[in-house]
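Below, each chain spelled out in residue letters.
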Amino acid sequence: MADLDDYEGDPSRDRLSALLTDQLEELARAIHSPDQLARARAASRLVTLDVDPELALPALHHRRAMVREVAAEAIGYSSKQLSPTVIDALLSAIDDPKPFVAAAAIRTLGRRQVALAHAQITACLDDSEPPIVAAAITALAHLGDHTLTVTLPDFLNSQHLIIRIAAAEAAGILRSVNAVPDLLRLLEDCIDAWHERQQHIPSRAASVAMQALARLQARAAIPLLVEIACYVVGLRTLAVRTLIQLQAIEAAPALLPLLNEKGRHLLNEVIRFFHVTGYRAAAPELRAFLERAVVRHRPLIKKVLNILVEWQDREALPIIINLATNDQSAEIRAYAAQCAALLQTQSASPVSSFNNGIVPETVLSETYNERIRQRRQRLTGLTIGQIVNGTVLRVLRYGAVIELGGIEGFVHVGEIDWRWIGDVRHALHPGQEIQAVITGIDEQRLRANLSIRRVHPDPWLAVAQQLSAGMQVQGIVAGITDFGIFIELLPGVQGLAHISQIPPDQQPLKQAFSLGRRVQTTILSIDHKRRRIALSLYTKLQQKTVQR
């Protein structure tokens, strides 16, 4: 999606407005896409777009209803003040023939707390269209209309799920304690749906109901939340998170078995629950978790180590020393060593207070201390800018761990090649011999930061001499994303043809283009400071038409 900041200072507001309308039209297509991931990304983008409401006005009158809907929603998330003209347009949109457009306008008027719209929104509570009624309920809650609490029980028991969800959200916003029994009933209906047909859980309804119950500090919900946390797959993490907000220590014994689960998000919340509630009876289970934890659980391992040190659980000391000595991860070895040092000295300071990374060597075994000394000695022999040879040990999506003869190095995905690389696993493999430049030394983790690409000359040095804005050049497709394609113009130099600069096609980009394909492109601009080249696949004639 084009960045409006690139057009700052453009005197033509019509041009800016047209550009924004194109963006909103693109978002509307993605939001209504059958691809769930595309819908999620578009919704996230919509929230952060921060449009100028005045520029979005033409989109509110677009011939396509889904564009009008997205424009109304986008204005609701804008940080800029609404002018009387924009407010009038939103009020008019309440009468849009498409219910989902009217609902979007109502939500925005409520979210932006436009008091002028109160009477018109209140009238929408009697509308025959459920989406409009649901939008009116949440809008009035945002407007602080506490008279709504009288009718919330009726809405919470509506035959339309969308209205029940809106009423649950409103109950949380208005802190309507009287709604708790109906919120519990909604949550029970969600569990019943899970039991009856496991492929369909009204997760949105359950999520909103739990959030409302947490806001209302409804401790009556604790037994139901424990049931969800233990049995209802898909809602377990959210249920534990709600129990944390309720400080429900009475649920702790029932949650202990969840430490044997494999899902990282669920494990993270369960561990956080025991920490927040101070349930020290969980210490044996946390020690057992450390003994069976695997490398992929590194953040969780550190969290558990932190808790055990805070609780001064000296029974964990042998396990922690074993981690400090034998764990595969240098990061975990160093962190466990710090924890062992604190427990050995019976210090109650939290692990997060470490600043210098120095580990008292008397705590650990002689073998471990010797390895630490050797690593430090090897590290002192390295200097920034030095070229070293190494072997790839582990490859992750965002980087790779390199063995440098007794110590480890790490190279980030952005330092692999001058070309764009989306996943390091496509560029390196374990056992591969590489040459790299040392860019930094991490004394706490006892490792070196590396760059493979800096071994070779910077290809951008040739850009100023060989490329300029307005040139038509041939390039090779080097990467395909949802927002455009990367095209290699010179060895190691790539530009981006944003989707707005690619002639529309019925097929998605990943089907319309293939890696290695040679394409003709026009250079729109070159940003030497940010090392970015903007490209267009339109022909000169098409480009003139687009710019009008």
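None of the values given here were measured: they were computed from a predicted structure.

**Q** Sorry, what's going on with the environment of Leu515 here?
**A** With respect to the element layout, Leu515 can be found in the loop between helix H23 (509–512) and strand E9 (518–527). Take Leu515: its relative accessible area is 62%, and that puts it in the exposed class. With 29 residues separating them in the primary sequence, Leu515 and Phe486 have C-alpha atoms 9.6 Å apart. Each residue touching Leu515, except ones within four places of it in the same chain, is listed here: Val477, Ala478, Gly479 and Ile480.

**Q** Could you clarify how one ought to interpret helix H20 (residues 330–344) in this entry?
**A** Since the α-helix packs 3.6 residues into each turn, any two residues three or four apart lie on the same face. Along its 15 residues, H20 runs 21 Å from first to last C-alpha, staying within 8% of the 21 Å computed at 1.5 Å per residue. Counting buried positions over the 15 residues of H20 gives 13, a clear majority of the element. Residue Ser329 occupies the N-cap position of H20, its side-chain oxygen lying 3.2 Å from the main-chain nitrogen of Glu331.

**Q** What should I look at first to understand the environment of Ile173 in this one?
**A** Looking at the element boundaries, Ile173 is found in helix H10 (residues 161–173). By relative accessible area, which is 24% here, Ile173 ends up partly exposed. For Ile173, the contacting residues outside a window of four places in its chain are Ala141, His142 and Arg215.

**Q** Quick question: what am I supposed to make of the pairing of strand E6 (residues 472–481) here?
**A** Sheet faces and side chains relate simply in a regular strand, where the side chains alternate between the two faces. Summarising the sheet, E6 and E9 pair through five bridges and their orientation is antiparallel. Bridge pairing in E9 links Val473 to Thr521. Here five bridges tie E6 to strand E7 (residues 484–490), and the two strands are oriented antiparallel to one another. Across the sheet, the residue bridging to Ile480 is Ile485, located in E7. Hairpin remark: E6 followed by E7, antiparallel, with two residues in the connecting loop.

**Q** Can you help me understand helix H1 (residues 13–31) in this one?
**A** Helix length check: H1, at 19 residues, gives a terminal C-alpha distance of 26 Å against a target of 27 Å (1.5 Å per residue), a fit within 8%. Buried within H1 are the following residues: Arg15, Leu16, Ser17, Leu19, Leu20, Thr21, Gln23, Leu24, Glu25, Glu26, Leu27 and Ala28.

**Q** When you look at unusual backbone geometry in this model, what are you seeing that I'm missing?
**A** Although it is not a glycine, Arg175 sits at a positive phi angle of roughly 55 degrees. Within the secondary structure, Arg175 sits in the loop between H10 and helix H11 (180–196). Look at Arg175 and you get partly exposed, because its relative accessible area is 47%. Of note in this structure, Gln247 is not a glycine but carries a positive phi near 55 degrees. Within the fold, Gln247 resides in the loop between helix H14 (236–245) and helix H15 (252–255).

**Q** Explanation requested: the pattern of salt bridges in the structure shown.
**A** If the charged atoms of two oppositely charged side chains come close together, the side chains can form a pair. Per the counting criterion, the structure on display carries 20 salt bridges. Here Glu73 makes a salt bridge to Arg107, at a shortest N to O gap of 2.4 Å. Separated by 34 residues along the polypeptide, Glu73 in helix H4 (residues 65–76) and Arg107 in helix H6 (residues 99–111) bring together distant segments of the chain. Glu250 is the salt-bridge partner of Arg219, the closest N and O atoms lying 3.0 Å from each other. Of this pair, Arg219 sits in the loop between helix H12 (203–215) and helix H13 (222–231) while Glu250 sits in the loop between H14 and H15; the two residues are 31 residues apart in sequence, bridging distant segments of the chain. The partly exposed category is assigned to Arg219, whose relative accessible area is 40%.

What counts, and at which threshold
Residues numbered from 1 in each chain as written. Predicted model: local features only at pLDDT ≥ 70, side-chain atom pairs only at ≥ 80, totals over all residues. Heavy atoms only, no water. Helix = DSSP H or I, 4+ residues; strand = E, 2+ residues; numbered from the N terminus. Buried < 20%, exposed > 50% of the residue type's maximum accessible area, 1.4 Å probe, protein only. Contact = heavy atoms within 4.5 Å. Expected span 1.5 Å × (residues − 1). Polar contact = N/O pair within 3.5 Å; in protein donor to acceptor, adjacent residues only side chain to side chain. Pairing = 2+ DSSP bridges. Salt bridge = Lys/Arg side-chain N within 4 Å of Asp/Glu carboxyl O.

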